[in-house]
Amino acid sequence: MMVERAAQQVLGLTLYEKVSTCKVLVVGAGGIGCEILKNLSTTGFRNIFLVDLDTVDVSNLNRQFLYQLHQVGKSKAEAAADTIRSFNPNIQITGSHADIRSFEYNVEFFEKFDIVFNALDNLSARIHVNRMCLAANLPLIESGTTGYLGQTTVIKRGLTECFECTPKPVPKRFPVCTIRSTPSLPIHCVVWARHLFSQLFGHADDESAVSLSVNAQELRSAEHDLVTDLPKSLRKWAVSLNFDPYKIMHKLFSEDIHTLLSMDTLWRNRNPPQPLNCYAHAKTEKQSPVYENPHCLPDQSVWSVDECVDHFCRSIKELRDRWEGLTNDLTELLWDKDDSSMMQFVTAAANLRAYAFGIPASNLFEIKALAGSIIPAIATTNAIIAGICVIEALHILSGDFDKCQTTFLKTEKNSRNRLLVPEKLVPPNPKCYACAEQPEAKLFVNLSKFTLEDLRSKILIGSLGMLAPDVCMGPKLLLSSEEEHAGINKAKTLKEVGVRPGSLLEVEDFLQDHKIRLFVAEKDTFQDQDGFELESRSIDSEENTSKRPSSEVLKRDLEEIEENLFSKRFKKN
Amino acid sequence: MTEKQLSTDEAELYDRQIRLWGIESQERLRAADVLLIGVRGLGSEIAKNIILAGINSLTILDDGEVTQEDLRQNFLLQEKIPLGNKIAEEVLPRAQALNPLVKLTGDTEPVAAKTSDYFKKFTMVVATRIKFDAIIKIDNYCREHNVKFLYGDIFGFFGFAVSDLQEHDYFEDRVQLQSGQKRGHDGEKKTIKVEAKMTFPPLNKVLILPNTKQDINAIKKMSRPNNLFVALLVLLEFRRQHDRDPAAAKMSEDVDTLKSISSQIVELYNFSNIQMDDLYELFFGDISPVCAVLGGVMAQEVIKAVSHKEPPINNIFLFDPVSYSGKELTVGP
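In this text the structure is predicted, and so the values were computed from the model without any measurement.

Rules of the game
Residues numbered from 1 in each chain as written. Chains lettered and ligands numbered in written order. Predicted model: local features only at pLDDT ≥ 70, side-chain atom pairs only at ≥ 80, totals over all residues. Heavy atoms only, no water. Helix = DSSP H or I, 4+ residues; strand = E, 2+ residues; numbered from the N terminus. Rg over C-alpha atoms; globule rule 2.2 N^0.38 Å. Buried < 20%, exposed > 50% of the residue type's maximum accessible area, 1.4 Å probe, protein only. Contact = heavy atoms within 4.5 Å. Areas by Shrake-Rupley, 256 points an atom, 1.4 Å probe, with all protein chains shown as cover. Lys, Arg positive; Asp, Glu negative; His and termini not counted. Charge placed at Lys NZ, Arg CZ, Asp CG, Glu CD. Pairing = 2+ DSSP bridges. Core = buried A, V, L, I, M, F, W, Y, C linked by side-chain atoms within 4.5 Å. pLDDT = per-residue confidence, 0-100. Salt bridge = Lys/Arg side-chain N within 4 Å of Asp/Glu carboxyl O. Patch = residues over 30% accessible without salt bridge, like charges linked within 9 Å, V, L, I, M, F, W, Y side chains within 5 Å. Axes fitted to C-alpha atoms, helices over the stretch in contact; angles between N-to-C directions. Parallel < 35°, antiparallel > 145°, perpendicular 65-115°, else oblique. Left-handed = near helix turned anticlockwise from the far one by under 90°. Buried area = accessible area lost by both parts, 1.4 Å probe. Polar contact = N/O pair within 3.5 Å; in protein donor to acceptor, adjacent residues only side chain to side chain. Nonpolar A, V, L, I, M, F, W, Y, C, P; charged D, E, K, R; others polar. Phe/Tyr/Trp six-rings, centres within 6.5 Å; stacked < 30°, edge-to-face > 60°. Lys NZ or Arg CZ within 6 Å of the ring centre and 35° of its normal. Domains from an automatic or database assignment.

Draft legend 1. Expanded view of the overall build of chain B. The helix and strand tally for chain B stands at 12 helices and 10 strands. Taking 333 residues into account, the globule formula puts the C-alpha radius of gyration at 20 Å, and chain B, at 21 Å, falls close to it. Each of the three principal axes of chain B carries a C-alpha extent, and together these read 60 × 55 × 35 Å. Buried residues in chain B amount to 59% of all 333 residues. Look at the contacts in chain B between residues 6 or more apart in sequence, and 67% of them connect residues 24 or more apart. In the form shown here, chain B has an accessible surface area of approximately 13,600 Å², with 46% of it arising from carbon and sulfur atoms. The average position of the 40 basic charges and that of the 48 acidic charges among the side chains of chain B differ by 4 Å.

Draft legend 2. View of the overall build of chain A. When helices and strands are counted, chain A shows 19 helices and 16 strands. Within chain A, the proportion of its 573 residues that are buried is 56%. In chain A, of all internal contacts separated by at least 6 residues, the share reaching a separation of at least 24 is 68%. Accessible surface computed for chain A: about 25,300 Å², of which carbon and sulfur atoms make up 50%.

Draft legend 3. Fine view of the pairing of strand β4 (residues 115–118) of chain A. Residues and elements named next belong to chain A. Covered by surrounding structure in β4 are I115 and F117 together with V116 and N118, the residues of both alternating faces. Taken together, the 4 bridges between strand β1 (residues 23–27) and β4 define a ladder with parallel strand orientation. Following the sheet pairing, V24 is matched in β4 by I115. Bridge count between β4 and strand β5 (residues 140–146): 2 bridges; the pairing is parallel. Across the sheet, the residue bridging to V116 is L140, located in β5.

Draft legend 4. Representation of the nonpolar core. Residues F117 of chain A together with L58 of chain B are the most contacted members of the largest nonpolar core, which totals 115 residues. The element best represented in this core is helix α16 (residues 379–397) of chain A, accounting for 12 residues. In this structure, F155, L228, L232 and M276 of chain B belong to the second largest nonpolar core, which totals 58 residues.

Draft legend 5. Region of interest: the confidence of the model for chain A. Confidence in the prediction for chain A averages 85 pLDDT; 85% of positions are at 70 or higher. When the criterion is pLDDT under 50, residues 538–552 of chain A qualifies, and its contacts beyond four places in sequence or with other chains add up to 36 contacts.

Draft legend 6. A look at the pattern of salt bridges. Scanning all chains against the criterion turns up 40 salt bridges over all chains. Residues R16 of chain B and D15 of chain B are paired through a salt bridge, measuring 2.6 Å at the closest nitrogen-oxygen approach. Through salt bridges with shared partners, a single ionic network connects E35 and K38 of chain A together with E45 and K48 of chain B.

Draft legend 7. Expanded view of a positive patch on the surface. Taken together, the side chains of K410, R416 and R418 of chain A together with K327 of chain B present a region of like positive charge at the surface. Within the fold, R416 of chain A resides in the loop between β9 (405–409) and β10 (418–424).

Draft legend 8. Representation of the packing of helix α3 (residues 31–43) of chain A against helix α4 (residues 76–87) of chain A in the model. All names here are of chain A. At a minimum axis separation of 10 Å, α3 and α4 run at an interaxial angle of 25 degrees. Here α3 lies roughly parallel to α4, going by the angle between them. Crossing of α3 against α4: the hand is right-handed. Here α3 contributes L37, K38 and S41 to the contact with α4, which in turn contributes A80, I84 and F87.

Draft legend 9. Geometry of the pairing of strand β5 (residues 148–155) of chain B. All names here are of chain B. Counting buried positions over the 8 residues of β5 gives 8, a clear majority of the element. The pairing of strand β4 (residues 124–128) with β5 spans 5 bridges and is parallel. From the neighbouring strand, M124 faces β5, where its bridge partner is K148. Bridging between β5 and strand β6 (residues 158–164) involves 7 bridges; their strand directions are antiparallel. When the bridges of β6 are listed, Y151 appears paired with V162. Two successive antiparallel strands, β5 and β6, enclose a turn made up of 2 residues, where G156 displays a positive phi of approximately 65 degrees.

Draft legend 10. Representation of the interface of chain B and chain A within the structure. The interface of chain B with chain A comprises 61 residues on the first partner and 61 residues on the second. Surface buried jointly by chain B and chain A totals about 5,700 Å² across both partners, of which 62% is contributed by carbon and sulfur atoms. In this assembly, chain B and chain A are joined by 2 salt bridges. Between the two partners, chain B and chain A, sit 14 residue pairs in polar contact (both at pLDDT 80 or more). By residue number, the principal contributor to the side of chain B that touches chain A is helix α12 (residues 288–307) of chain B, which donates 11 residues. For the side of chain B that touches chain A, a count of residues per class yields 28 nonpolar, 12 polar and 21 charged.

Draft legend 11. How the structure looks around the side chain of N351 of chain A. Residues and elements named next belong to chain A. Structurally, N351 is set in helix α14 (residues 340–356). Classification of N351 as buried rests on a relative accessible area of 2%. A distance of 2.8 Å separates a polar side-chain atom of N351 from the backbone oxygen of S362. Setting aside anything within four residues of it in sequence, one finds N351 in contact with C308, A361, S362 and I367.

Draft legend 12. View of the environment of E281 of chain B. Residues and elements named next belong to chain B. Within the fold, E281 resides in the loop between α11 (251–269) and α12. Put simply, E281 and E310 are 29 residues apart on the chain and 36 Å apart in space, counted from C-alpha to C-alpha. If sequence neighbours within four positions are ignored, E281 has contacts with M251 and V255.

Draft legend 13. The packing of aromatic side chains, seen in detail. Evaluated as defined, the whole model comprises 31 aromatic pairs over all chains. With centroids separated by 4.6 Å and ring planes inclined at 50 degrees, the aromatic side chains of Y105 of chain A and F109 of chain A adopt a geometry described as tilted. With a relative accessible area of 2%, Y105 of chain A lands in the buried category. The buried category is assigned to F109 of chain A, whose relative accessible area is 8%. Summarising the aromatic geometry, the rings of W192 of chain A and F253 of chain A are spaced 5.8 Å apart at their centres and angled 55 degrees between planes, so their arrangement reads as tilted. In this pair, W192 of chain A is assigned in helix α8 (residues 186–200) and F253 of chain A in helix α11 (residues 245–261), connecting sequence segments 61 residues apart. In this structure, W192 of chain A and F253 of chain A share a single accessibility class: buried. Chaining the aromatic ring pairs together yields one cluster made of W192, F197, F201, F243, F253, F312, W323, W335 and F345 of chain A. Against the face of F365 of chain A rests R19 of chain B, its NZ or CZ located 3.9 Å from the ring centre. Its guanidinium or amino end placed over the ring of Y118 of chain B, K114 of chain B lies 4.2 Å from that ring's centre, counting from NZ or CZ.

Draft legend 14. How the structure looks around the domain arrangement of chain B. Residue and element names in this part refer to chain B. When cut into domains, chain B gives domain 1 (8–165 + 287–329), domain 2 (168–198) and domain 3 (203–282). Just the C-alpha atoms count here: the centres of domain 1 and domain 2 sit 31 Å apart. Counting the surface lost from both domain 1 and domain 2, the interface buries some 860 Å², and carbon and sulfur atoms represent 53% of this. There are 2 salt bridges connecting domain 1 and domain 2. Between domain 1 and domain 2 we count 7 residue pairs in polar contact (both at pLDDT 80 or more) in total. Those elements that provide at least two residues to the side of domain 1 that touches domain 2 are α3 (23–29) and α12. Here the residues of the side of domain 1 that touches domain 2 sort into 4 nonpolar, 2 polar and 6 charged.

Listed below in structure tokens is the structure:
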């Protein structure tokens, strides 16, 4: 066929052959994923497996162009595969509505492919795919974008750094006291309000809304929520009042403020808060919002105290009705930033708190971004980065790894005339947790306080990115990923199960085909609330002391995924 | 064009981009009427990106017919389109599905048939695949009517774009730290809008080819002549002389032709130290992912130009076929 011949001449016969027979795995069908899929199709790739656990949302449509309005709510992986098939019916493409971290996507599964593209938006999935590609010895093309900026790189075991060779930036952490007692910025109020929502209607022990630091251990109490300092029995109390909004507001924005005011030391060098009299702000008539600026969305108007009180009343009643109407053993409302009552509630509560503390109020548009961790996104950034990704794939298939590189997409302003900046790939870090020949690390904990469950969730899953680890100390099995060993009491401290300073723990994740040795050392007190330190074993230990992604962050990612998977909105076709 | 307030549907659809460039930019986009010339590999990428961005209308001008190559590569074409149909019409259904809010028109007339008045009604003109004479002619028409103009092309792994935004006013968002705060401090940051202005030279003073009536005195001595800029001129001259682009089927004779054109250009501009031997073979064919990269860059230039937000490229963008770097070059008197 003439067309194929033309393509062969342009790419060269060998490369053309490789492109058309190459088996590609694409993880993620969002902004970058849609663009990658389109590029693969137009470049001549014919064999694609696509995994994405999400469904289509309206806000995706400004850039995830494989989806249309009538597909909102459907599985992204399946919808994207359908659209690509319609571009070219000769393409073999499977779209799987699933989490790449499922056990069915084991090393054997990965080994079926020639190239893997990561088109993800979260750290824990990136780490997992990195592990799997290392185990299967596959080239991985990693990429990410935010706003106008983007970057892409190539990872190949033994040749280049893997994703975990260098520490990744840890998201912002807030001191607990700031949220509880001395907020000074709108974000502090939003975090508090989000937590309030969890306590009243959602998952009550949900600390995942916040990344905390400093002295949190000391502030923990059995009766009070760590972040809001409200009683853990708040929901019971609210139920007993039938969620009377005025009584609740009075407690939160008047009584509790009075209590804070009585702690003089807090206010010696700070402007003290003023309690709000919410009863006085009861609206007698509905006022129409005043737009400061004609170029404003309705969501961009800032509510007065009156309006906040009104919105608080209406949203809390709506949420109460919904919560009371839950059936099928469900006892909690699932947080959804696109849920208008939930956003109304959080905006009203955050602003009331802001008003009390003399902090400028924010509009719903801004608060939604803070509460929902929204990242602004456009089509062009993803288009450019995805183009580079597929060019890298062509290099890999030609065997030209020396042409592969890291590429940064910058803006006019920060670039000195260089918009796309290539950088040479770097050899692997010999002390990397993930790709070193024999990964080792030193773990500092208080053996009398740290439990097996802490080890599992904070260290192995939270910091080391494992999913289902087994831990042995010599012949003794401490933790198991298998059901038969459910007899292991994870609440026991390490000391109680026989771990001593100098003990060697052998950790293995069967799914990721990943092993690491942990050397244990005793330490009594720690800088932050995590209660541990993790160091890779090397001479320059200062450099390598863990700036690992915070265990809270990874745990939150995993919890969000679990929420998505098991929420009411998860639809299997 | 009056800028109405965005509807709730628009606010929901464009939420993620409004959070980046602001609602005024979105309103200006919504008032823009753009002409796109050429809807093949590069053109279809540009079309996709600016349709998604939410302009008011896009007119696609392309007198070509659908070929086998198009069916294989162009994601805006449906599968079972008869070869020989007009491409400007056949891309419309898929293009419309990208964003039902944008008004789309296909125009199957040749570019050469269009006179100055045709260009008057557009906010911006984006051109691909046109010959040198058409580039200069359309730039002149655009200048007559204060219409922004952007031209770009792909030759194999090499891509470039050239802008003429004439007198361009724009706003920049600058982050200002409160006085007394250090960088990176957790305090309030204020974003302020700064006004700025840029002037662009006309393209007949930027792209100068041998044996034309152009003013060779406009060629300013370039302190560091750029291989890729020479390549750009060489390829335009090839197209002008041979009425086609370098073709893979004739690679070896076309490379020879390119080399000889290159010596002419180097002489005309009085360049030295131009090393292009490794590059010639990279100029053949239509490499899709390169279309995607340049299509993204050009579409972002359109968005910046019509929304008058953020500094545009002034005035040439060059995508390096060897290093995949993307650089801005300023050329002109």
